[in-house]
Amino acid sequence: MKTIHVIDSHTAGEPTRVVMSGFPDLGQGSLAQRRETFRDSYDHWRSAIACEPRGSDTMVGALLLEPTDPRCCAGVIFFNNVGYLGMCGHGTIGLTRTLAHVGRIQPGEHLIETPVGVVGVTLHADGKVSIDNVESYRFIANAEVDVPDIGKIKGDIAWGGNWFFITKQTPAPLDIAHRNALSNYTIAVQQALEANGIRGENGGVIDHVEISGDAPDGSGARNFVMCPGGAYDRSPCGTGTSAKIACLAADNELGEGERWIQQGILGSAFEGSYRKGERGVMPTIIGQAWITGTAQILIEESDPLAWGIGG
Ligand code: PYC
């Protein structure tokens, strides 16, 4: 029997499961090297934790690790039902809230090491968390992809810690009632991008598709973000908001220091702003997470579904 201690939270509706202990040793390399070891040797642990019957398609896991950079209070590798994420905005907010919950950090500024770089976080006295995300930039403006049975879709390809295709074209209003139509559409776009070899810089797979528009009730900017693995982000997506801000800045539609309120498909919101970066923007994203549970995950070797369903 294997025992893994996890703490669950949600950030604006999107779950994060922080793995506190019980995970195999991944060695002492960089976070990127340890993510390779995780992927090569322990991928079944990912599916045991993130997939059904213990997890779900929406679950984002956050493996808590010792950082290599002594300035950082923690290292983390994010994963989900199908693989690994570079950065994860809602997950970093959930991780920060979790570290505070167990008394490992106090309100103030902290650094967290991820496989794609060090991110700064501020835990505010009211429980909100600001993330100073990795540099985000638009890679290609107005790219076009031909999507079977849908037609030509135009959008920007941008980096916000993950690769995004951000389009304003939508098959339905950005309302949770239309989640099935929005999901089918964005999954078709994801597949067409890959089938046509349309990728981010250095061949990075564009595994997130974001529809960007207005809330149906006119209450502000809203998005719908399809994550790798077929589940839509319940939150406004921290890396997706960062990528969107990079595009707004590139189009001179958002000035340095100006606030951008980004609703997700549930209407829950993150607040974003940016400083100019060397290449793009240095985004700050503010959101809040709530603890939803703590558990000892048990893996019985005799269980035919011990290592998760699918994944
Ligand atoms: O908040 O960056 C994010 C995120 C990525 C995938 C799910 N959430």
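Structure first, text after, so check above.
Here the structure is a predicted model, which means the values were calculated and not measured.

Lining the immediate environment of the ligand, one finds E14, C88, G89, H90, H208, C227, D233, C237, G238 and T239. Take H90: an N or O atom from its main chain is 2.8 Å from an oxygen atom of the ligand. Residue D233 places a side-chain N or O atom 2.8 Å away from a nitrogen atom belonging to the ligand. Relative to its unbound accessible surface of 250 Å², the ligand loses 99% to contact with the protein. Counting only elements with at least two residues in the shell around the ligand, the list comes to α3 (89-101) and α5 (238-250). A per-class count over the shell around the ligand returns 3 nonpolar, 5 polar and 2 charged.

Bringing helix α1 (residues 31-41) into the picture now. Of the positions making up α1, those classed as buried are L31, R34, R35 and F38. Buried residues of α1, seen end-on, are gathered within an arc of 105° and therefore sit on one face of the element. Looking at the packing, one finds that the buried side of α1 touches α2 (43-50), β3 (60-65), β4 (74-79), β5 (84-85) and β6 (108-114).

Here we come to the pairing of β4. Consecutive side chains of a regular strand alternate in pointing toward one face of the sheet and then the other. Counting buried residues in β4 gives 6 out of 6 residues, a clear majority hidden from the surface. On β4, burial covers both faces: A74, V76 and F78 on one face and G75, I77 and F79 on the other are all buried. Sheet analysis places β3 next to β4, joined by 5 bridges and oriented antiparallel. What sits directly across from L64, in β4, is V76. Here β4 pairs with β5 via 2 bridges, running antiparallel. Across the sheet, residue F79 finds its bridge partner in β5, namely Y84. Here β4 folds back onto β5 in antiparallel fashion, the turn holding 4 residues.

Definitions and cut-offs
Residues numbered from 1 in each chain as written. Predicted model: local features only at pLDDT ≥ 70, side-chain atom pairs only at ≥ 80, totals over all residues. Heavy atoms only, no water. Near = heavy atom within 4 Å. Polar contact = N/O pair within 3.5 Å; in protein donor to acceptor, adjacent residues only side chain to side chain. Areas by Shrake-Rupley, 256 points an atom, 1.4 Å probe, with all protein chains shown as cover. Helix = DSSP H or I, 4+ residues; strand = E, 2+ residues; numbered from the N terminus. Nonpolar A, V, L, I, M, F, W, Y, C, P; charged D, E, K, R; others polar. Buried < 20%, exposed > 50% of the residue type's maximum accessible area, 1.4 Å probe, protein only. Arc of directions from axis to C-beta. Contact = heavy atoms within 4.5 Å. Pairing = 2+ DSSP bridges.

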